[in-house]
Structures are given as C-alpha cells and as structure tokens.
Amino acid sequence: MADTGTKQRKATPQNTGIIERVDKVLAAYTREKANLIPILQQVQSVLGYLPEEALKRIAWYAGTPESNVFGIATFYAQFKLTPQGKKIIRICCGTACHVRGSEKVLDEMEKQLGVKAGETTADMEYTLETVACIGACALAPTMTIDNDTYGKMTPKRVAEVLGDKSNTAS
Ligand code: FES
C-alpha cells in the first residue's frame, strides 16, 4: 500500500486530484521498476494523459529516478504527456499516402483546425497526429478519426469529414 508521500511530493490544490488518482493505481502494484510500463499505461487510462506530477509520483513510488520514468514516457508513442482532445485525428503520411498527396490533406486539416500536427484544439475537441501507415494503403491517402477510417482523402474532403467543426474553426 502506498503511503501519502507528503515528504517527497508536496500536494497543491492543482495536483491533489492527480496524486490521489495516481495513488489508487499505484496501490495495485508492487514497488518495482518492472511495473513501470503497466503503471504508466493504467495511469494514462485513468487521467487521459501523463502529467508531470503523475510521472514524478510514479518515479517516487517505484524508487527510480524521475529521468528514468520521463525517458520511458517520452520513448513510447503510446504515452501522451499533454491532454488529448475528445477525438483523435490521424493523417497517414506513409509512403503510399505521401505520394498521393497526404501532405496537402494535412496542411488543410491544420488550417481547418487551427493547430499543427501533435497539437490539440483549444476547445479540447480534436488532437491532430500523423502516422506512418494505418494499413489501408489501397485507399491512400487515408486518415482516421478515432476508429473511423476515411480513404481517398483530398484537401476538399477535409471540411466534409470535419462537418460542422470546420465551420467554427478559424
Ligand atoms: S501508407 Fe497510408 S495507409 Fe499505408
């Protein structure tokens, strides 16, 4: 069972909720470095991302340097260090999609949403990412919104796919 760790990490109003929720996850794991990846996965599933305070708490619990936990969290693409939007848009920039104009689709998506790849819209509605291949090369260029796949994308179709969102973004 985890102690409160108040000596190691002073709670502030901003991080109290985070630490409490992280501690609930930590209570299910023994204090071993071998548990770091499953802990990170579980904490991300609870919080939606891995805030700095959570990473520090995990490092303290596992008895490993914070740099080690930060290193793991930044190495694996599955871990997100910033809050994610409600919907995740992924534009494929793999070879098949690239040669069929995925860059123009990405440019238009960035323009429509007002963010660059890797960023989240201010209203937390969308996170825009690029991926290497989604396994639907015959439909290149492709993109996904959560679990929905859109093939044969064109810059013109971006607004259509985004629906009303494109009318409100500047
Ligand atoms: S390269 Fe885009 S789906 Fe394969």
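Residues numbered from 1 in each chain as written. Predicted model: local features only at pLDDT ≥ 70, side-chain atom pairs only at ≥ 80, totals over all residues. Heavy atoms only, no water.

(A) Representation of the overall build of the chain. Looking only at helices and strands, one finds eight helices and four strands in the chain. Beginning at the N terminus, the succession of helices and strands in the chain can be written as α-α-α-α-β-α-α-β-β-β-α-α. Taken across its 170 residues, the chain has 41% of its residues classed as buried. Accessible area for the chain stands at about 9500 Å²; split by element, carbon and sulfur atoms hold 53% of it. (Helix = DSSP H or I, 4+ residues; strand = E, 2+ residues; numbered from the N terminus. Buried < 20%, exposed > 50% of the residue type's maximum accessible area, 1.4 Å probe, protein only. Areas by Shrake-Rupley, 256 points an atom, 1.4 Å probe, with all protein chains shown as cover.)

(B) Broad picture of the side chain of glutamate 108. Along the chain, glutamate 108 turns up in helix H6 (residues 102–113). For glutamate 108, a relative accessible area of 17% corresponds to the buried category.

(C) Expanded view of the pairing of strand E1 (residues 87–92). Pairing analysis gives six bridges linking E1 to strand E2 (residues 126–131), with the strands arranged parallel. Note that in E2 the partner of isoleucine 88 across the bridge is threonine 127. (Pairing = 2+ DSSP bridges.)

(D) Representation of the environment of asparagine 147. Position of asparagine 147 relative to the elements: it lies in the loop between strand E3 (143–145) and strand E4 (148–150). Along the chain, asparagine 147 and lysine 87 lie 60 residues apart, while their C-alpha atoms are 9.6 Å from each other.

(E) Up close: unusual backbone geometry. Residues alanine 140 and proline 141 are joined by a peptide bond in cis, for which omega reads -5°. Tracing the backbone through its elements, the reader meets proline 141 in the loop between E2 and E3. For lysine 152, which is not a glycine, the phi torsion comes out positive at approximately 50°. Position of lysine 152 among the secondary structure elements: in the loop between E4 and helix H7 (155–162). For lysine 152, a relative accessible area of 51% puts it in the exposed group.

(F) Region of interest: H6. An ideal rise of 1.5 Å per residue puts 16 Å on twelve residues; H6 measures up with 16 Å between its terminal C-alpha atoms. Every buried residue of H6 is accounted for by Ser102, Val105, Leu106, Glu108, Met109, Glu110, Gln112 and Leu113. (Expected span 1.5 Å × (residues − 1).)

(G) Focus on the packing of aromatic side chains. Under the counting rule described, the total for this entry stands at three aromatic pairs. Ring geometry for tyrosine 76 and phenylalanine 79: centres 6.2 Å apart, planes at 90°, overall edge-to-face. Residue classification places tyrosine 76 among the partly exposed positions, given a relative accessible area of 33%. Residue classification places phenylalanine 79 among the buried positions, given a relative accessible area of 5%. Here the aromatic residues Phe75, Tyr76 and Phe79 are joined through ring pairs into a cluster of three or more. Between arginine 31 and the ring centre of tryptophan 60, over which it is positioned, the NZ or CZ distance is 4.8 Å. (Phe/Tyr/Trp six-rings, centres within 6.5 Å; stacked < 30°, edge-to-face > 60°. Lys NZ or Arg CZ within 6 Å of the ring centre and 35° of its normal.)

(H) Seen up close, the nonpolar core. The biggest cluster of nonpolar side chains holds 21 residues, and the ones touching the most others in it are Val22, Leu40, Val43, Leu50, Ile58 and Val69. For this core, the leading source of residues is helix H3 (residues 52–62), giving seven residues. Ignoring anything within four residues of it in the chain, the contact list for valine 43 reads Val22, Val25, Gly48, Tyr49, Leu50, Ala54 and Ile58. Ranked by size, the runner-up nonpolar core spans 15 residues in total, among them Ile91, Met109, Leu113 and Met143. (Core = buried A, V, L, I, M, F, W, Y, C linked by side-chain atoms within 4.5 Å. Contact = heavy atoms within 4.5 Å.)

Purely geometric stuff here, so don't read any function into it on its own.
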